[in-house]
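# A structural walkthrough
What follows is each chain in one-letter form.
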Amino acid sequence: MSQTSPVGRPLRPRGKLLQEDARRHHRSLLLQQLFREGPASRADLARTTGLTRVTVSDLVGELVADGLVRELGAPAESRVGKPPTLVGLDADSTHVIGLDLSATDRMTGAVVNLAGIVQARHELPLDGATGAAAVALVHRLATELIAMTDRPVLGVGVGSPGVVDAAGTVIDAPNLSWTDTPLAASLADALGLPVFVANDANTAVLGEHTFGASGDGGLMVLRVGIGVGAGLVLEGSLLHGHLGAAGEIGHVVVDPDGERCACGRTGCLETILAVPHLRRRLAGRAAAEVLTTVGKQLGAALAPVVGTLNLHELVLSGPQELLDGPLREAADRTIRERTMPVSSAGLVVRTSTLGEDVVLVGAAVLVLSGQLGVS
Ligand SMILES: [Zn+2]
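Residues numbered from 1 in each chain as written. Predicted model: local features only at pLDDT ≥ 70, side-chain atom pairs only at ≥ 80, totals over all residues. Heavy atoms only, no water.

### Brief notes about the packing of aromatic side chains
What the rule picks out here adds up to one aromatic pair. For the pair F35 and F211, a centre-to-centre distance of 5.7 Å together with 70 degrees between the ring planes defines the contact as edge-to-face. With F35 in helix α1 (residues 11-37) and F211 in helix α6 (residues 200-211), this pair connects stretches of sequence that are 176 residues apart. (Phe/Tyr/Trp six-rings, centres within 6.5 Å; stacked < 30°, edge-to-face > 60°. Helix = DSSP H or I, 4+ residues; strand = E, 2+ residues; numbered from the N terminus.)

### Considering the packing of helix α9 (residues 287-309) against helix α11 (residues 326-337)
Packed helix pairs are characterised by how far apart their axes lie and by the angle those axes make with each other. Here α9 crosses α11 at 35 degrees, and the two axes come no closer than 6 Å. As for how α9 packs across α11, the hand of that crossing is right-handed. From α9, A288, L291, T292, V294, G295, K296, L298, G299, A300, L302, A303 and V306 reach across to α11, where they touch P326, L327, A330, A331, R333, T334 and I335. (Axes fitted to C-alpha atoms, helices over the stretch in contact; angles between N-to-C directions. Left-handed = near helix turned anticlockwise from the far one by under 90°. Contact = heavy atoms within 4.5 Å.)

### Notes on the pairing of strand β3 (residues 86-89)
Pairing of strand β1 (residues 40-41) with β3 involves two bridges; the strand directions are antiparallel. Each bridged residue has a counterpart across the sheet, and for A40 the counterpart in β3 is V87. The pairing of strand β2 (residues 69-73) with β3 spans four bridges and is classified as antiparallel. Residue pairing in the sheet places V69 in a bridge with L89 of β3. (Pairing = 2+ DSSP bridges.)

### Focus on the pairing of strand β13 (residues 228-234)
Each regular strand carries side chains that alternate between the two faces of the sheet. Counting buried residues in β13 gives seven out of seven residues, a clear majority hidden from the surface. Here β13 shows a buried face lined by V228, A230, L232 and L234 and a second buried face lined by G229, G231 and V233. Both strand β12 (residues 219-224) and β13 contribute to a ladder of six bridges, which runs antiparallel. Within β13, the position partnered with M220 by the bridge is L232. Linking β12 to β13, which pair antiparallel, is a turn of three residues. As paired strands, β13 and strand β14 (residues 237-238) are joined by two bridges and run antiparallel to one another. Within β14, the position partnered with V233 by the bridge is L238. (Buried < 20%, exposed > 50% of the residue type's maximum accessible area, 1.4 Å probe, protein only.)

### Regarding the confidence of the model for the protein chain
Per-residue pLDDT for the protein chain has a mean of 90; in total, 93% of the residues score no lower than 70. In the model, residues 1-13 has pLDDT below 50 throughout and makes one contact with residues more than four positions away in sequence or in other chains. (pLDDT = per-residue confidence, 0-100.)

### Here we look at the pattern of salt bridges
All told, the structure shown has 20 salt bridges when counted by the stated rule. For the salt bridge of R47 with D44, the shortest nitrogen-to-oxygen distance reads 2.5 Å. Separated by three residues within a single helix, R47 and D44 lie in helix α2 (residues 42-49), roughly one turn from each other. When its relative accessible area of 61% is taken as the criterion, R47 is described as exposed. What makes D44 partly exposed here is its relative accessible area of 30%. Residue R151 pairs with D150 through a salt bridge whose shortest N-O separation is 3.1 Å. The exposure class of D150 is exposed, given its relative accessible area of 68%. (Salt bridge = Lys/Arg side-chain N within 4 Å of Asp/Glu carboxyl O.)

### Looking at the coordination of the zinc ion
For the zinc ion, the full set of protein donor atoms is H251 (ND1), C261 (SG), C263 (SG) and C268 (SG), at a range of 2.0 to 2.3 Å. Taken together, the four donor atoms coordinating the zinc ion and their angles of 105 to 123 degrees define a geometry best described as tetrahedral. Donor residues for the zinc ion sit on one chain with the sequence pattern H-x9-C-x1-C-x4-C. Here C263 lies in the loop between β14 and α7 (269-273) and H251 lies in the loop between β14 and α7, a separation of twelve residues in the sequence. The class for H251 is partly exposed, based on a relative accessible area of 26%. (Donors = N, O, S within 2.8 Å, 3.2 Å for Na, K, Ca; no water. Tetrahedral: all angles 85-135°; square planar, octahedral: opposite > 155°, others 65-115°.)

In structure tokens, the structure reads:
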């Protein structure tokens, strides 16, 4: 009876949908395994993913046909019996466009392959563009980058300053005068490609987590630039927070008698640590002394976070010459002085192995994760 009913969703397509979901999930499992662990035989893939060998063979065939996975032949060492054929991700089968909008004077972008390696770079000067003009600049940068690769483009990832919602709408980015700006939707419309937009610190932590030298424990990347913000990956997942503003430690007051901050409060972490403030403090003064003082203040602000979350890695991302030295050492020391050994004994405080590419590479991870289910 329900089959002839004109209303409601018939049962069969519903079952088919569930099957499609399962298939997508299984496909992601295989890609994730190849992405994380490198080439494997079909039998290995079945063992590590728990899928049947029939399902694995079927899906690998599909991935090979799509060009994402390649037959690599047998491993070099000869074994008794017929050696298994290895399959692996074809890193250059398709490319991803990553954009970093966090600089104050330019927008940068790159063509990135599936292994997170930058293939080509491009940038456009901002020239004070804000609002719609800044959006137009993002469109132009993405279009010009797409023209720089001869491979199919899987999608576009964007690390933007400000608070960004799950749909890729920039809720508030004061430097670019963006308020409720649907950046992902407008780019997707214009380019006809999937587009993912996230806050630049969240983008950076995904880059470090996936392609940096990160371990499997809790990771916090503190971005120090024109502003200060953090991204956190805990238990393998990006932390969003209740309203998507997790990691906004830059506007926590650390010195109530300090300088007025752009946000209206006084003595935010940003007023001592953001690059313009830091450079001003350094002018004409003993660098090591200034950097040590700022490092202590940073450590004091981060100790409660480390104590609460029992982080494994704290990564400082920004100008290496400012961050990697007395500032990092003082922050590291202060965190340990102010937390129990069990909280900080395993903590590593370091700078990013990806350097200034961390947001670009992270923007590519947004696409890999959104389109292939890998990260
Ligand atoms: Zn502030």
